[in-house]
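Listed below are the residues making up each chain.
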Amino acid sequence: MTTPKTATPAINEPRTGATKPAAGSASGTTTLKDSSGADSQPATRGKTSIADGVVEKIAGMAAREVSGVHALGGGLARTLGAVRERVPGGRPNVTSGVKVEVGERQTAIDLDIVVEYGVPITDVAADIRENVIAAVERMTGLEVVEVNIAVIDVHLPFDEEDNDDEARVQ
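Right, let's walk through the structure included here.

Digging into the overall build of the chain
Secondary structure assignment for the chain yields 3 helices and 6 strands. Put simply, the chain runs from its N terminus to its C terminus through helices and strands in the order β-β-α-β-α-β-β-α-β. A total of 170 residues make up the chain; the buried ones form 23% of that total. Long-range contacts, defined as pairs at least 24 residues apart, comprise 66% of the intrachain contacts of the chain with a sequence gap of at least 6.

Below, the structure written as structure tokens:
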């Protein structure tokens, strides 16, 4: 007559876990249930936090992609951005004119924009909302609860700041 084998815990098993026979399984098979989440999917273990700056960059890039948007941010921010871009190695500030509030599962976004003259502002605003919401939700998994848009200026065709053809001093 043979004696029944008892399950001995492996070296890597948690000490707080209980070994229980799996339902409908042969005797001697064990399933571990512990508080570490060993039976849960790897994607659900741990916490992911997303910084405000990440959402600001995504929203800023998505808003700039919309036709009819000339720039984001107020006059001073745009001036400083133009200076930054002209410095060798300088990069444009994609977060200019973008403010966000980020929670654990939701975010709210405020945008200050300058539109091109002649475009329907309501259409541009709707396109911005659609593009920003899609980009932020796709890339971060956060729910965008609102996108507030403030049109702070209209860019006129003769308001070219980049008129480098004429030198100031001759």
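This is not the end of the story, as more comes after the structure.
Thoughts on the nonpolar core
If you look at the biggest cluster of nonpolar residues, it comprises 24 residues, and the most contacted ones within it are Ile-109, Leu-111, Ile-128, Val-132 and Val-136. Among the secondary structure elements, those contributing two or more residues to this core are helix 1 (52-64), strand 3 (69-72), strand 4 (98-102), strand 5 (106-116), helix 3 (121-140) and strand 6 (143-155). Ignoring anything within four residues of it in the chain, the contact list for Val-136 reads Val-55, Ile-58, Ala-59, Thr-107, Ile-109, Gly-141 and Val-144.

Considering the pairing of strand 4
Where strand 4 and strand 5 come together, 5 bridges link them in antiparallel fashion. Pairing of Glu-101 across the sheet is with Ala-108, part of strand 5. The hairpin turn running from strand 4 into strand 5, its antiparallel successor, is 3 residues long.

Observations concerning a negative patch on the surface
A grouping of Asp-52, Glu-101, Asp-110 and Glu-146 is seen on the molecular surface, where their side chains present a negatively charged patch. Inspection of the secondary structure puts Glu-146 in strand 6. Judged by relative accessible area, which is 39%, Glu-146 ranks as partly exposed.

Conventions and cut-offs
- Residues numbered from 1 in each chain as written.
- Predicted model: local features only at pLDDT ≥ 70, side-chain atom pairs only at ≥ 80, totals over all residues.
- Heavy atoms only, no water.
- Helix = DSSP H or I, 4+ residues; strand = E, 2+ residues; numbered from the N terminus.
- Buried < 20%, exposed > 50% of the residue type's maximum accessible area, 1.4 Å probe, protein only.
- Contact = heavy atoms within 4.5 Å.
- Core = buried A, V, L, I, M, F, W, Y, C linked by side-chain atoms within 4.5 Å.
- Pairing = 2+ DSSP bridges.
- Patch = residues over 30% accessible without salt bridge, like charges linked within 9 Å, V, L, I, M, F, W, Y side chains within 5 Å.
- Areas by Shrake-Rupley, 256 points an atom, 1.4 Å probe, with all protein chains shown as cover.
- Salt bridge = Lys/Arg side-chain N within 4 Å of Asp/Glu carboxyl O.
- Lys, Arg positive; Asp, Glu negative; His and termini not counted.
- Charge placed at Lys NZ, Arg CZ, Asp CG, Glu CD.

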